[in-house]
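Tertiary structure, described
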Amino acid sequence: MSLPIPVCAACGTAAFPPRVLCARCGGAEWIAEPVESGIVEAVTELDGTHIAAIRTPLGPVVIARLKTDAHPGDSLSLATTGLVPVAGN
Amino acid sequence: MTGARIVGASESPYARHPGDGVTTEWLLADAFVRVLAEAGIERGDVDGLGLASFTLAPDRAIDLAWRLGVRPRWLMDDGNGGASGIQLLQHAVRAVDAGDASTVVLLGGDRLDRNTFRSLVDNYNRATALHLASIPTGGPNALFALLTQRHMDLHGLERADYGRLVVAQRQRASRNPGAVYREPLTLDEYLAAPVIAEPLHLYDCVPVVSGADALVVKRADHGVAVAAFRAQHNRDGQDGDGLVTGLADVAEALWAAAGAGPGDMDVVSVYDDYPAMALVQLADLGIAPDPKRFLHEELESLALNTSGGQLSAGQAGAAGGMHGLVEIVTQLLGRADKRQVPAARLGVVSGYGMVLYRYGACANAVVLERT
């Protein structure tokens, strides 16, 4: 269970959603690095779906569907459904 | 200062629920006919056409020009939503000054019913379609709920603070017959409105409408001049918190080019898809650096979003990028009727939008001057 985040093969800068060229060095080669957890920055609920902004340890903040209730500061496990980040156990 | 002037501004009335026979093309045509009459020009004089629309597809500017009976020698599409109106204006002014066209009409508009809007926001760009739509986020609502929480934390704001802006804009909308919401709104009603995504409730979310806006740019002695234009898109590549737009990077140069400052503006329009973003743009432009103080001490004395803004007048898709321009030009031409700001000579309009993943990627602004 993890969330793959593209990391520039040349300079190590992470990007989510994926880019074509690295914003930092212009590199075009990307390696998917699995990220297992992140820290909740903000949460909301829309039509019964719990949604959070979660900072990954690689840098990018992802928008994730929550499987559990959560609060800012919580550390949650990360996975994906299709290409959508999902957080919580 | 250039020889190009905005000599007309019109809006095809916004409607919350478009009739079955109403199409995007019809709305754009209606705005076109209205602005020709407003500017006192003939269709045959028009040799430039610029278009911003999400829902005219697969048609583009040339298809619309043909259907309107226009033979342009200058033609432009801009699909960049909340930034499109100011971008089209920038290019139109330069085209007229360079002699590429003599009379340019700029059009922005969309027909958005429930299904069309859902399809638009779910497929807004590939980042949204692939990584957000199936959460679902309800279009931008959940994203700006998360952003507004950060804004509240940063500035110590509560819902009632944002409510002051929404209530004030609704009061201004009561003097705009074109606004879809004109009846007064109390702060209690604002606070009691149904929740959309905390902390956003119904009146924090821009109402989706159908409609179209139009401007005419031509060489003239009198009209509204673009005194300065600046843009900065992709300021932080979505790696920031969304609480600063590219306007912060260009405000100083914008005011220097205009030869005026934030305090000189008689009328102000910022892109108000959500109250927090209106406050962010006001801060970035240097008009209201402290949002709490602004809401409590300065809001009533600033002629801000005098149409009621999009929060009361409505957001007609890509026309949202032209709505503020049409309102400020109307004010500067002295044609704002019951909501006219007396002797308005200088105004500023900002554009914002194109939510790329977490927040808007585009930001631009013009200072306008009556001549």
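A few words now on the overall build of chain B. Counting its secondary structure elements, chain B contains 13 helices and eleven strands. For 371 residues, the compact-globule estimate of 2.2 N^0.38 gives 21 Å, and the C-alpha radius of gyration of chain B, at 19 Å, lies within 12% of that figure. When the backbone C-alpha atoms are referred to their principal axes, chain B occupies close to 55 × 45 × 40 Å. Taking all 371 residues of chain B together, the buried fraction comes to 57%. When contacts within chain B are restricted to residue pairs at least 6 apart in sequence, long-range pairs at least 24 apart make up 79% of them.

Our next topic: the packing of helix H7 (residues 159-173) of chain B against helix H10 (residues 275-284) of chain B. Residues and elements named next belong to chain B. Close contact between H7 and H10 brings their axes to 10 Å; oriented N to C, the two are set at 85°. Classified by the angle between their axes, H7 and H10 sit roughly perpendicular to one another. Across from Tyr 162, Leu 165 and Val 166 in H7, the residues of H10 making contact are Pro 275, Ala 276 and Ala 278. Tallied by class, residues from the contact of H7 with H10 come to six nonpolar, no polar and no charged.

Listed per partner, the contact involves 16 residues of chain A and 22 residues of chain B. If one sorts the elements of the side of chain A that touches chain B by residue count, strand E3 (residues 37-46) of chain A sits on top with four residues. Residues that form the side of chain A that touches chain B fall into these classes: ten nonpolar, three polar and three charged.

Once that is clear, we can look at the environment of Gly 246 of chain B. Residues and elements named next belong to chain B. Position of Gly 246 relative to the elements: it lies in the loop between strand E8 (224-231) and helix H9 (247-258). Judged by the 23 C-beta atoms lying within 10 Å of it, Gly 246 is buried. Look past the residues within four positions of Gly 246 in its chain and what remains in contact with it is Ala 231, Gln 232, His 233, Arg 235 and Ala 363.

Summarising the model, chain B shows a mean pLDDT of 97, and 99% of its residues fall at 70 or more. Across the assembled chains, the prediction reports ipTM 0.97 with pTM 0.97.

Right, let's get into the pairing of strand E11 (residues 360-370) of chain B. All names here are of chain B. The buried fraction of E11 amounts to eleven of the eleven residues, a majority that puts the element mostly inside the structure. Alignment of strand E10 (residues 346-355) against E11, held across nine bridges, turns out to be antiparallel. Bridge pairing in E11 links Leu 346 to Glu 369. As consecutive antiparallel partners, E10 and E11 are separated by four residues.

Procedures and definitions
- Residues numbered from 1 in each chain as written.
- Chains lettered and ligands numbered in written order.
- Predicted model: local features only at pLDDT ≥ 70, side-chain atom pairs only at ≥ 80, totals over all residues.
- Helix = DSSP H or I, 4+ residues; strand = E, 2+ residues; numbered from the N terminus.
- Rg over C-alpha atoms; globule rule 2.2 N^0.38 Å.
- Buried ≥ 20, exposed ≤ 12 C-beta atoms within 10 Å, placed from the backbone.
- Contact = placed C-beta atoms within 7 Å.
- Axes fitted to C-alpha atoms, helices over the stretch in contact; angles between N-to-C directions.
- Parallel < 35°, antiparallel > 145°, perpendicular 65-115°, else oblique.
- Nonpolar A, V, L, I, M, F, W, Y, C, P; charged D, E, K, R; others polar.
- pLDDT = per-residue confidence, 0-100.
- Pairing = 2+ DSSP bridges.

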